[in-house]
Amino acid sequence: MHIRRPDDIPSSEITSESSYINRRSFMETAGALALGGLIAPTALPAMACAPAEGLTQDEKITDEDDATSYNNYYEFGTGKEDPKEQAKKFRPMPWTVNVEGMVKTPRPFSFDDLVGKLAVQDRVYRHRCVEAWSMVIPWQGVQLRDVIARCQPLPSAKFVEFTTLYDPQRMPGQARSVLPWPYREALRMDEAMNSLTLLATGMYGKALPNQNGAPLRLVVPWKYGFKGIKGIVKLRFTDKSPQTTWNDAIPSEYGFYGNVNPAVDHPRWSQAKERRIGQFLKVATLPFNGYANQVASMYSGMDLRKFY
Amino acid sequence: MTSTTLSRAEPLVRRGVRPVLWLAVLAPAAYLITALLTDQLGANPIEELERESGRWALRLLAASLTVTPLMRLTGWGWLVPQRRFLGLATFFYALSHLSVYMVLDWFFDWDEILKDVVEHWYITAGLLAVTLMIPLALTSTKRSIRWLGGKRWTTLHRLVYVSAVAGSVHFYFAVKKDVTQPIIYAVLFAALLAFRIVWKRRAAKTRPAPADSRKPRDPVNTPVA
């Protein structure tokens, strides 16, 4: 299996030895319970060759059970444990992603057509929710920039907008208008092209669980979790800043950027610290969730208090 | 309900009420502690414990505020000690809620706690709701009723209405977006407070207020039957 890794990002930021070791110990315990046999072989080589550093020594991979039972996915209910229950019957395949807007040829892509031929990436990322909890998650997926290359956007495109499936029959949470459906998110083009940005198709070496956004979700590790839109059915390229769902719903609390920033509090709670799921004491939240070296330059000169 | 069925039910209810209340008050605490110790509270047990203790405080507060209307409608003066029981149970859960927040959630991180209380007024409201319950819990004994006098005691214990409003506001703004539950509680509290206003107006129309406040004829305003 050919695994490609971008040059401008240290492998230490992708997977550390500590997380690799932790993963091993996790697999040793769970593996006996038929788990090991299910792990895709592609998941292992990239992890095995990663050196120490990046994630700190005490950063352990979050329990898979926790990462798949504590979810914000209002399309399947607003309680943390609702998505796991309410998404049980969801069948993502077959899946089509419509590519629209400022592209050479707007057209629908089948899931395989869009991501099937691209190099699979293994990335262990911190995941920081705007609610001040966090996890460390081993994702599998493709780089968004590789997907964008397949979409052939026009040079005039400045943003890419993502839309979640709208189908109240299959997504029971959409029967209530808790949020303005369908869920929409967007990235500036340079953010989308950053090598950290992932379209995830799996986690913990398995296909992406329904409650985590199957079959296709965005992972932007330096931004709050709400930017990581799930169940994506549309990519639209545009030159105007798109409307995004949480920003629409409560503009004073959720901005377009959603960059993790311990210095800018949510109006109703502090963002200085976070509870890492599985740990008792809170830990300090890092600027850009610890990925400042890779992303801070994109925002130089911007007032991050204003563009939260 | 006719008055005969009411009087027939009374001895049974009167005998059964306290064991039922004890169960209703102890069961949630027993469940939460057991679930915490056996890791059954999900991925974020501290958050779950915090939320559940808060919700139970509100539920018991609603229950204790239901006693007076119930007494008005049935004339069962023996419900007064049940009201005290539920009030103290509310205080117990509210105090647990505050303790979970300070100890488990923030682990005595006083800088963050102070910042939270000062900057976020719904946290201030929550703290106010619990704080106002302290004098009420302290004056829940028969002795303090005698010491204060029935009228002053009743006035003091109207602070519970402020607690109810502050607690509802606290819950509403603590929720991220789906405010269904906070609204249900707010409507419930509004109904319980509205009953009191309507009842008082009706009572004022039909009969003059008792002239001697030391000997209230109304069983409900007699703190201990």
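It should be emphasised that the depicted structure is a prediction, and the values quoted were computed from it without experimental measurement.

A. A look at the overall build of chain B. When helices and strands are tallied, chain B shows nine helices and zero strands. Computed over its C-alpha atoms, the radius of gyration of chain B comes to 19 Å, within 12% of the 17 Å expected for a compact globule of 225 residues. By sequence separation, contacts in chain B at least 24 residues apart represent 68% of the contacts at least 6 residues apart.

B. Here's a closer look at the nonpolar core. Residue and element names in this part refer to chain A. If you look at the biggest cluster of nonpolar residues, it comprises 61 residues, and the most contacted ones within it are Val147, Val160 and Leu199. With six residues, the single largest contributor to this core is strand 4 (residues 133-143). Setting aside anything within four residues of it in sequence, one finds Val147 in contact with Leu114, Val115, Leu118, Val142 and Leu199.

C. Structural context of the confidence of the model for chain A. In the predicted model, chain A carries a mean pLDDT of 87, and the fraction of residues at 70 or more is 81%. Low pLDDT, under 50, characterises residues 20-53 of chain A; the stretch is placed with 43 contacts to residues that sit more than four places away or in other chains.

D. Inspection of the interface of chain B and chain A at higher detail. Chain B puts 12 residues into the contact, and the matching count from chain A is 17 residues. It is helix 4 (residues 110-119) of chain B that contributes the most residues to the side of chain B that touches chain A, three residues altogether. Looking at the side of chain B that touches chain A residue by residue, the class counts come to three nonpolar, three polar and six charged.

E. Summary view of unusual backbone geometry. In this model, Met93 of chain A is joined to Pro94 of chain A through a cis peptide bond whose omega is 0°. Here Ala214 of chain A and Pro215 of chain A are connected by a cis peptide whose omega angle stands at 0°. With a phi angle near 55°, Phe108 of chain B is a residue other than glycine that sits in the positive phi range. Judged by the 8 C-beta atoms lying within 10 Å of it, Phe108 of chain B falls in the exposed class.

Definitions and limits used
Residues numbered from 1 in each chain as written. Chains lettered and ligands numbered in written order. Predicted model: local features only at pLDDT ≥ 70, side-chain atom pairs only at ≥ 80, totals over all residues. Helix = DSSP H or I, 4+ residues; strand = E, 2+ residues; numbered from the N terminus. Rg over C-alpha atoms; globule rule 2.2 N^0.38 Å. Contact = placed C-beta atoms within 7 Å. Core = buried A, V, L, I, M, F, W, Y, C linked by C-beta atoms within 7 Å. Buried ≥ 20, exposed ≤ 12 C-beta atoms within 10 Å, placed from the backbone. pLDDT = per-residue confidence, 0-100. Nonpolar A, V, L, I, M, F, W, Y, C, P; charged D, E, K, R; others polar.

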